[in-house]
Amino acid sequence: MTYPETLDFLFRSLPVFQQSGPSAYKPGLEHTIAFNDYLGRPDRNFLSIHVAGTNGKGSVSHLLASVLQAAGYRVGLYTSPHLKDFRERIRVNGTPISEREVVEFVARHREKMVGLGLSFFEMTVGMAFDHFTRQEVEVAVVETGLGGRLDATNIIRPAASVITNIGFDHMALLGNTIPKIAAEKAGIIKPGIPAVIGEEHPESAPVFRARAQEAGADIFFAESLFRCVGDGGECLTGEDGTPRRRLTVERIEDGDRLTLELDLLGEYQRRNIVTVMAAIRILNRTSPLSISRRDIVEGCATAARTTGLRGRWEILGREPLTVCDTGHNEHGLRLVAEQLRHQRYDKLYFVLGVVNDKDLHGILPLLPPDAHYLFTQASVERALPADRLAEEAARYGLHGETVPGVRNACDRARRLASPRDMIFIGGSTFTVADL
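Residues numbered from 1 in each chain as written. Predicted model: local features only at pLDDT ≥ 70, side-chain atom pairs only at ≥ 80, totals over all residues. Heavy atoms only, no water.

Undergrad: Sorry, what's going on with unusual backbone geometry here?
TA: Trans is the common state for peptide bonds, and a negative phi is the common state for residues other than glycine. Pro 81 follows Ser 80 through a cis peptide bond whose omega is -10°. By the secondary structure assignment, Pro 81 is in the loop between strand 2 (75-78) and strand 3 (90-92). Of note, the amide linkage connecting Glu 319 to Pro 320 takes the cis form, showing an omega dihedral of 5°. A positive phi angle, near 45°, is found at Trp 313, a position not held by glycine. Tracing the backbone through its elements, the reader meets Trp 313 in the loop between helix 12 (303-307) and strand 12 (314-318). You can call Trp 313 buried: its relative accessible area is 4%. (Helix = DSSP H or I, 4+ residues; strand = E, 2+ residues; numbered from the N terminus. Buried < 20%, exposed > 50% of the residue type's maximum accessible area, 1.4 Å probe, protein only.)

Printed below as a string of structure tokens:
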């Protein structure tokens, strides 16, 4: 099969949550374990760091991978979903798995994958671990797809487990309360393995402490170890001409400070960098890994470029200022809305598309009421029809026009906007992916 034919097989023959939603979700690890055993347990051939959370886990994973690469390690990175190409999910030192390797993996193991009835995600996890082994990866950063306890990635025994935060998302599968969602995320905490929790929430913290105690695992709350000092961070241009955000992180126990320049521009990265710093400290203490201050500085400065991360407050143009962001749930869009309030513009044009399982009553009240909205629909089955989105948005005082197709909506926004206006594109990972 060719690469397009291979992708067509994967997307059409195996259940894909990205396309179909909850109907593709298969709780339980039995099939993943069976496939991993069949592959020869490739996950045992490298150190790993497991990252879960409602928001921020992608940024944290990419930052950790970039820092580890700056430290001289050969680093695997497994993330999801992808924006443009399936191969984004599986990288080694920033380089995506090749089309040839995807084709050959599926050709070798297609019969077994079909026989086991694997989901798309279960198959992809196996492909990632097999690729990391073949590429002689020393340490892999592995991001969960959904939840944690029953996520296909949860077969690994990592050097550390990292949970960024807890918020409302995928409630039909993970539960409709913070403690229930936290319990699913806490499933990645394993016996004797240190756990780092990014944000200490009064409803989720007891769940994490109880799980850690049950597992005999040390638990560390990042906010008790580090904090960002000063305001949201100064925006500047790096020596290579790329925009940066300068942040200063303070170690709480002794006041030691480290100034970083991130090529990830969102103000919400202040939260993520605290989690990253805490994870690095614990890894330095408890694992064979050795990461210096210089490694942290270099890795953070080039995280997006080194690992190929896109869609996190990504600036696409300047006149008008055009930004996209993949924030897609109440927690994530609250942070996006907060940063939008700090922007200067004459008028905001907001290209908005969401998927059909999101809690609009939690999301829509967060969005700026003075923007002109271009309601649209991404090209996935899960996308909410644009006219229904516009109808729901009107109930919260959000008005504009309906434009079929994300690219058409963006083109319309560019025609309407003046150089001193701002265009924002978001609401869903898939809206940004179409862009």
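Let's pick the thread back up.
Undergrad: What am I meant to see in the packing of aromatic side chains here?
TA: Each pair of aromatic rings is reported with the distance of its centres and the angle of its planes. Scanning the entire structure with this criterion turns up 11 aromatic pairs. Ring geometry for Phe 35 versus Phe 105: centroids 6.2 Å apart, planes at 80°, classification edge-to-face. Here Phe 105 lies in helix 5 (residues 99-116) and Phe 35 lies in helix 3 (residues 30-38), a separation of 70 residues in the sequence. Take Phe 35: its relative accessible area is 1%, and that puts it in the buried class. The class for Phe 105 is buried, based on a relative accessible area of 1%. Ring geometry for Trp 313 and Phe 424: centres 5.8 Å apart, planes at 35°, overall tilted. Highlighted residues: Trp 313 in the loop between helix 12 and strand 12 and Phe 424 in strand 17 (residues 422-426), separated in sequence by 111 residues. Across this residue pair, the class does not change: Trp 313 and Phe 424 are buried. (Phe/Tyr/Trp six-rings, centres within 6.5 Å; stacked < 30°, edge-to-face > 60°.)

Undergrad: Please clarify how helix 5 should be interpreted in this entry.
TA: Residue pairs three or four apart in sequence face the same way in an α-helix, which turns once every 3.6 residues. Given a rise of 1.5 Å per residue, 18 residues ought to cover 26 Å, and the 24 Å separating the end C-alpha atoms of helix 5 matches this to within 8%. By the largest-angle criterion, His 109 marks the main kink of helix 5, which is about 65°. Looking at helix 5, one finds that the buried residues are Val 102, Val 103, Phe 105, Val 106, His 109, Met 113 and Leu 116. Buried-residue contacts for helix 5 involve helix 1 (3-13), helix 3 and helix 6 (120-134). (Expected span 1.5 Å × (residues − 1). Bend = angle between axes of the 7 residues up to and from the residue. Contact = heavy atoms within 4.5 Å.)

Undergrad: What should I look at first to understand empty space enclosed by the protein in this one?
TA: Rolling a probe over the atoms, with the probe sized like a water molecule, indicates the empty space that remains. Applying the stated criterion across every chain, the model contains 1 cavity of 30 Å³ or more. Space inside the largest cavity adds up to approximately 30 Å³. Around the largest cavity sit Ala 65, Gln 69, Val 75, Gly 76, Leu 77, Arg 91, Val 92, Asn 93, Gly 94 and Thr 307, which together line it. Elements supplying a minimum of two residues to the lining of the largest cavity: helix 4 (57-70), strand 2 and strand 3. Here the lining of the largest cavity gets 3 residues from one element, more than from any other, and that element is strand 2. Looking at the lining of the largest cavity residue by residue, the classes come out as 4 nonpolar, 5 polar and 1 charged. (1 Å grid on protein atoms, 1.4 Å probe; cavity = no way out; pocket = protein on both sides within 12 Å on 5 of 7 lines; lining within 4 Å. Points joined across faces, edges and corners; volume = space filled by probe spheres on them. Nonpolar A, V, L, I, M, F, W, Y, C, P; charged D, E, K, R; others polar.)

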